[in-house]
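# Analysis of the macromolecular model
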Amino acid sequence: MPSKRLTFSEIVSAAAKSVPEVWDQDGKLNLAALARYYKKKGFPITQPTLHRLFKGKHAEPSTRIIDATHHVLRIPRGLLRGESMTPELERLLTD
């Protein structure tokens, strides 16, 4: 059975769990704080761009967004491009 393709939002949210400064006190990911985190790491992505990606208004992230997210959150580029993942990686991200 093919694995489910995770959305950009699901992937980034899972990876950002280890970055407390991007979460609100109510446990919700703060996209403005996430944009500041990208900028602090040297790969600026605007909050409106993140919002559009999280809401699915962009079909797929651009190469620039994929590269920035790879460097900032250490997410494999292939995963961000929608390539299939191993069952172990899928379990790790969804658990």
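Described in the following lines is the structure provided in the data block.

Conventions used here
- Residues numbered from 1 in each chain as written.
- Predicted model: local features only at pLDDT ≥ 70, side-chain atom pairs only at ≥ 80, totals over all residues.
- Heavy atoms only, no water.
- Buried < 20%, exposed > 50% of the residue type's maximum accessible area, 1.4 Å probe, protein only.
- Helix = DSSP H or I, 4+ residues; strand = E, 2+ residues; numbered from the N terminus.
- Contact = heavy atoms within 4.5 Å.
- Salt bridge = Lys/Arg side-chain N within 4 Å of Asp/Glu carboxyl O.
- Core = buried A, V, L, I, M, F, W, Y, C linked by side-chain atoms within 4.5 Å.

### Description of helix α4 (residues 63-73)
- Regarding α4, the residues found buried are I65, I66, A68, T69, H70, V72 and L73.
- Looking at the buried side of α4, the elements it contacts are α1 (8-15), α2 (31-40), α3 (47-54) and α5 (77-80).
- One or two residues past the end of α4 sits R74, with phi positive at roughly 60 degrees.

### Quick word on the pattern of salt bridges
- Counting across every chain of the model gives three salt bridges.
- Notably, a salt bridge pairs K40 with E21, separated by 3.1 Å at the nearest N-O pair. Placement of K40 in helix α2 and of E21 in the loop between α1 and α2 is noted, with a sequence separation of 19 residues between them.
- Assessed through its relative accessible area of 56%, K40 is described here as exposed.
- Residue classification places E21 among the partly exposed positions, given a relative accessible area of 45%.
- Salt-bridge contacts for E83 lead to R81; the nearest nitrogen and oxygen are separated by 3.7 Å.
- Taking the relative accessible area as the measure of exposure, E83 reaches 46% and is therefore partly exposed.

### A short note on unusual backbone geometry
- Phi angles above zero are rare outside glycine, and R74 is one such case at about 60 degrees.
- Following the sequence through the fold, R74 ends up in the loop between α4 and α5.
- Looking at R74, the relative accessible area reads 62%, which means it is exposed.

### Concerning the nonpolar core
- Core analysis: the largest hydrophobic core is formed by 27 residues, its most contacted members being F8, V22, L34, Y38, L50, L73 and I75.
- Of all the secondary structure elements, the ones that give two or more residues to this core are α1, α2, α3, α4 and α5.
- In terms of residue count, the dominant contributor to this core is α2 (six residues).
- When sequence neighbours within four positions are dropped, the list of residues in contact with V22 reads A16, K28, L29, N30, A33, L34 and Y37.

In short, the description is geometric, and any link to function would need to be established separately.
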